[in-house]
Amino acid sequence: MTSLAALIPHLERRFLDHRVVFWHDPEGQYAADLDGLDLSDVTVVRVANDEYAIKNRLLHDQPTGKFLVYRPGTVPAGIGNWLFDLELAYGVFTADRSSLVSQDLGLTAGGIDEVVQAHEKFFNAGKRVQALKDLLTPEDDATRLRAKMCAVTLGQKEHTLLELTRTLLVENAKTQTARYDTLTDYGLDAFYWNGVASIYGYDASSPSLEDFILWVFRRALEGFVLDRPGGLQQIQLDFASFRNDRRSQDALSSLAKRASNDLDYKASIEDASFRDLVAVDLFEEADQKIISDLARAVADQAVTAREVTDVVRARQSSVWIDGYRQLYTAIAAASDLLTELATIDLTVSSFDEALERYRTSWFRIDQLYRQFTHARRTFEGNHPLESLREQVEKRYTNKFIYELGNAWQKQVDAAGTWSSSTIRSQRSFYGDHLDKLVRGDKKAVVIISDALRYEIADELGSRIRHEDRFDAYLEPMLGVLPSYTQLGMAALLPHRTLKHSADARTVLADELPTHNTALRAKVLEAVGGAAIQAEDFKALSPDERRELFKRTQVLYLYHNRIDATGDKPGTERQVFEAAEDTLRDLVDLVKKAANANATNIFVTADHGFLFQDEELPDQFFLSTKPQGDDILVTNRRFVLGHGLKLDDAFTTFRSEQLHLDDDIEVQIPKSIHRLRLAGGGSRFVHGGASLQEVVVPVLAINKKRKSDTRLVNVKALHDTDKITTGQLVVKLFQSEPVSDKVQARLLRAGLYVGETLISNDPQPELTFDSTSDEQRDRYQTIQLLLNQEANDYNNRSVEFRLEEQIPNTNQWRVYEKAIYTLKRSFTTDFDF
């Protein structure tokens, strides 16, 4: 029995809303203590067969007074209770614990007392009850009360079946059970499983989370098809939320791995082809199987490059893509590379034709090889691309590098001098690009990235053009010979004469040494220029960079990542990773230069390079050694000296043939051959005359005043204006190809009534990034599933919205919308 003093707060709360409180005490437990009840301004009235007199007093004699009407014993039922109408109006107070709790909750719907009685243990803690009260609304019924009790038990505010289940799945994925055990301890597990059965369709005699999880994944494998009213649409909708919502993504991935093992999914797809699995991403094994089979098909050239592109693009939406993106990138690059090599014709009739074909198309083979190798090498884990790697290495080395080297060598042998009638020399860089600007009192920045190969500069140009208000134009130069750092760096400076010192250890521009940044700065002083290392430039504040640029006519920035990595035997295999870092570095440098008020920016290099990731066989090394009267410098790809002995393994040049102002002779190993020297690496080399080494890029960059980038246009194509089932499928069309200045657009879709979302949450997103000129390649479809809220809006207008994210925010705005009428023949009665 609850003490009278403990009842006072409950009674006081009742009097806050009512002037009359009826107290039923069937056992008369409080009759003797009633006179000691201390309630301010409240008159206590005992019912003693004087119901009519009491009613007259309450309604007529004292219509504004506060009364506690105490009724001991059994109260007559129905019309036998003369106070029944007043009790209906003011409610009845009882002192048993369950009733007190029910009254404290402030709920008036039927069945509340029964809920409190059935879950007495839940209500034993005041803190827990208060947390529950914070969630309740006066309209809550017994079902909603239990749902919110579940929410409190699980330590959350959301009480929908979706959110309760999400919490339990996240816990289960961690192989923990504390929250579920508490739910069971409070007797709420049966309520939860009844909801799962009625709303999701999972009906088991002995339900458990482990069994439910396996059931869900089985249904997902079947496409959520089941013969029941509404099918399995709600679990299909919520399953998508579990997988795509950041709060539960990792948990669902863990559960998927467990379910895949339990269902032996790997064995079930053993005979499936990658084409059968393109649209499947339920389990990680689907991506593994696709990658394995697709890589094999590419290696065997049993699949077209177009189909590979389609498959790779489709897999970008896989929930497992983060673990496999690099492998898909590698496969796509390998497919394009092998496809181009299958039909490539490397025959040329002249020196200039070879240069032209390399700078317009052949460089792409080197680019694809780099992209393949980089993507493959950056994947961590057991590597599934070994057979494809072998095929790429074999075809790239033998079909391209070796055959191109031999074809190009014939033109080099036939050339009397190292010059082209179609491509300007690296020695004329300053005169061609900077002299006119400087003479016109205009300023420029030159970024020289050591060993920035032409194909890397091509990708850099694309990245620069992706930046708003930036334009970039790539053209080639014929690099100096030998194609090594000192000579290439000197050739880019303003000069009239260029030569080696007597010992060939230093390159002189107008008789001035040029082998470091400080010395090159001295050469530049003649034209009002300056030189600085890129890292030092980046370390300056924005104001310091602007001041530096302000006081110079031309500023040379020296960047060195590719060459510094490739020239060391311990790191030479990381040269393509260095190239990727260089691309990011150079975009950043260009932006910083532009922010320092530079509008004329040039990115160039001292030389290119040859690189093969695979260890080179003996056939790529010369068996002979250079000989001569005075050998000054011996490098893997060139020799400097006097009286060099002619040898069929080398191409020998006099200085005047190379437009150098000294008497030193130069020998270059023919084609792509190297000299075998002690120490150092051999995969990464430069100094020779291969096209990869001597076609040097000049990327001219300008910053515009007005914005020149935009997102690609997308149009929704609606086949109907009615929704008659539990889903809506809409076809979307990307109206043009994506390019440097027309950029990809990310959209999400949803169905709304006002601001109420009645479809998938989170909303499905699509990226429109197709570069294809073919319209048929630029269609996508999106499927929206109606949620529980949609049941309230049947036979009403609903709004289909495409939304785009507002830049630099987490907010979205409407991109396109259309009106549909929701006319479903039946709806499901979901409530939880």
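Residues numbered from 1 in each chain as written. Predicted model: local features only at pLDDT ≥ 70, side-chain atom pairs only at ≥ 80, totals over all residues. Heavy atoms only, no water.

Asker: Before we go on, may I ask you to explain the overall build of the protein chain in this structure?
Answerer: A count of helices and strands for the protein chain gives 29 helices and 30 strands. Its C-alpha atoms give the protein chain a radius of gyration of 40 Å, clearly above 28 Å, the size a compact globule of 832 residues would have. Principal axes of the C-alpha set define a box for the protein chain whose edges measure 135 × 65 × 50 Å. Counting every position in the protein chain, which comprises 832 residues, the buried fraction comes to 53%. Here the analysis covers contacts within the protein chain between residues at least 6 apart in sequence; of these, 72% occur between residues at least 24 apart. In the form shown here, the protein chain has an accessible surface area of approximately 37800 Å², with 46% of it arising from carbon and sulfur atoms. (Helix = DSSP H or I, 4+ residues; strand = E, 2+ residues; numbered from the N terminus. Rg over C-alpha atoms; globule rule 2.2 N^0.38 Å. Buried < 20%, exposed > 50% of the residue type's maximum accessible area, 1.4 Å probe, protein only. Contact = heavy atoms within 4.5 Å. Areas by Shrake-Rupley, 256 points an atom, 1.4 Å probe, with all protein chains shown as cover.)

Asker: Please explain the environment of Gly223 as it appears in this structure.
Answerer: Secondary-structure assignment places Gly223 in the loop between α11 (209–221) and α12 (233–244). Along the primary structure Gly223 and Gln236 are separated by 13 residues, whereas in three dimensions their C-alpha atoms are 8.4 Å apart.

Asker: Is there a simple way to explain the sheet that holds strand β28 (residues 779–785) in this structure?
Answerer: Sheets are built from strands paired through backbone hydrogen bonds, the pairs being either parallel or antiparallel. In space, the 3 strands of this open sheet follow the order β21-β23-β28, with antiparallel pairing throughout. Both outer strands of the open sheet, β21 (714–717) and β28, are each paired with one neighbouring strand and no more. On average, adjacent strands in this sheet sit at an angle of 30 degrees to one another, irrespective of strand direction. As defined by bridge partners, strand β23 (residues 727–734) adjoins β28 across 7 bridges and the pair is classed as antiparallel. Looking at β28, one finds that Val730 is bridged to Ile782. (Pairing = 2+ DSSP bridges. Axes fitted to C-alpha atoms, helices over the stretch in contact; angles between N-to-C directions.)

Asker: It is not clear to me how the packing of aromatic side chains should be interpreted in this structure. Could you clarify?
Answerer: How two aromatic rings sit relative to each other is given by the distance of their centres and the angle of their planes. According to the stated counting rule, one finds 34 aromatic pairs in the structure shown. Between Phe351 and Trp418, the aromatic rings sit 5.5 Å apart at their centres with planes inclined by 85 degrees, giving edge-to-face as the arrangement. Remark: Trp418 occurs in the loop between α20 (386–414) and α21 (429–439) and Phe351 occurs in helix α19 (residues 351–378); sequence separation between them is 67 residues. Residue classification places Phe351 among the buried residues on the basis of a relative accessible area of 9%. (Phe/Tyr/Trp six-rings, centres within 6.5 Å; stacked < 30°, edge-to-face > 60°.)

Asker: Just to check I follow, could you spell out the side chain of Gln657 for this structure?
Answerer: Residue position: Gln657 is located in the loop between β16 (650–653) and β17 (665–669). If we ignore the near neighbours within four places in the chain, the residues touching Gln657 are Gly416, Thr417, Trp418 and Thr652.

Asker: Would you mind going over the pairing of strand β29 (residues 796–805) with me for this structure?
Answerer: As a general feature of sheets, a regular strand has side chains that alternate between the two faces. Most of β29 is tucked away: 7 of the 10 residues are buried. As defined by bridge partners, strand β25 (residues 745–753) adjoins β29 across 5 bridges and the pair is classed as antiparallel. Among the inter-strand pairings, Ala749 is bridged to a residue of β29, identified as Leu802. In this sheet, strand β30 (residues 812–822) lies alongside β29 in antiparallel orientation, the contact comprising 10 bridges. Bridged to Ser797 within β30 is Thr821.

Asker: Would you mind showing me how to read the pattern of salt bridges here?
Answerer: Side chains that differ in sign of charge can pair as their charged atoms come close. Within the structure shown, the criterion is met by 61 salt bridges. Residues joined by salt bridges that share partners form a network here, namely Arg370, Arg453, Glu455, Glu459, Arg463, Glu580, Asp581 and Arg584. (Salt bridge = Lys/Arg side-chain N within 4 Å of Asp/Glu carboxyl O.)

Asker: Just to check I follow, could you spell out the nonpolar core for this structure?
Answerer: One recurring pattern in soluble globular proteins: nonpolar side chains tend to sit buried together. Judged by nonpolar contacts, the single largest core of 209 residues is most densely connected at Leu105, Phe217, Leu388, Phe400, Trp418 and Tyr556. No other element matches the 12 residues that helix α18 (residues 321–343) contributes to this core. Ignoring sequence-local partners within four residues, the contact set of Phe400 consists of Leu341, Ile344, Leu346, Trp362, Ile365, Asp366, Arg395, Gly405 and Gln692. The next biggest cluster of nonpolar side chains, apart from the first, holds 27 residues, and it includes Val730, Ala790, Val798 and Leu802. (Core = buried A, V, L, I, M, F, W, Y, C linked by side-chain atoms within 4.5 Å.)

Asker: Sorry if this is basic, but what is going on with the environment of Leu16 here?
Answerer: Take Leu16: it is sitting in helix α1 (residues 4–17). Between the alpha carbons of Leu16 and Thr175 there is a distance of 49 Å; along the sequence they are 159 residues apart.

Asker: Any chance you could explain the side chain of Asp366 here in plain terms?
Answerer: Position of Asp366 among the secondary structure elements: in helix α19. Although Asp366 lies buried, it forms no salt bridge, and the closest oppositely charged side chain, Arg453, sits 4.4 Å away as judged by the N-O distance. Looking at Asp366, its side chain comes within polar contact range of the side chain of Tyr396, at 2.6 Å. In this view, Asp366 contacts Tyr358, Tyr396, Phe400, Ile401, Arg453, Glu455 and Gln692; residues no more than four positions away in its chain are not counted. (Lys, Arg positive; Asp, Glu negative; His and termini not counted. Polar contact = N/O pair within 3.5 Å; in protein donor to acceptor, adjacent residues only side chain to side chain.)

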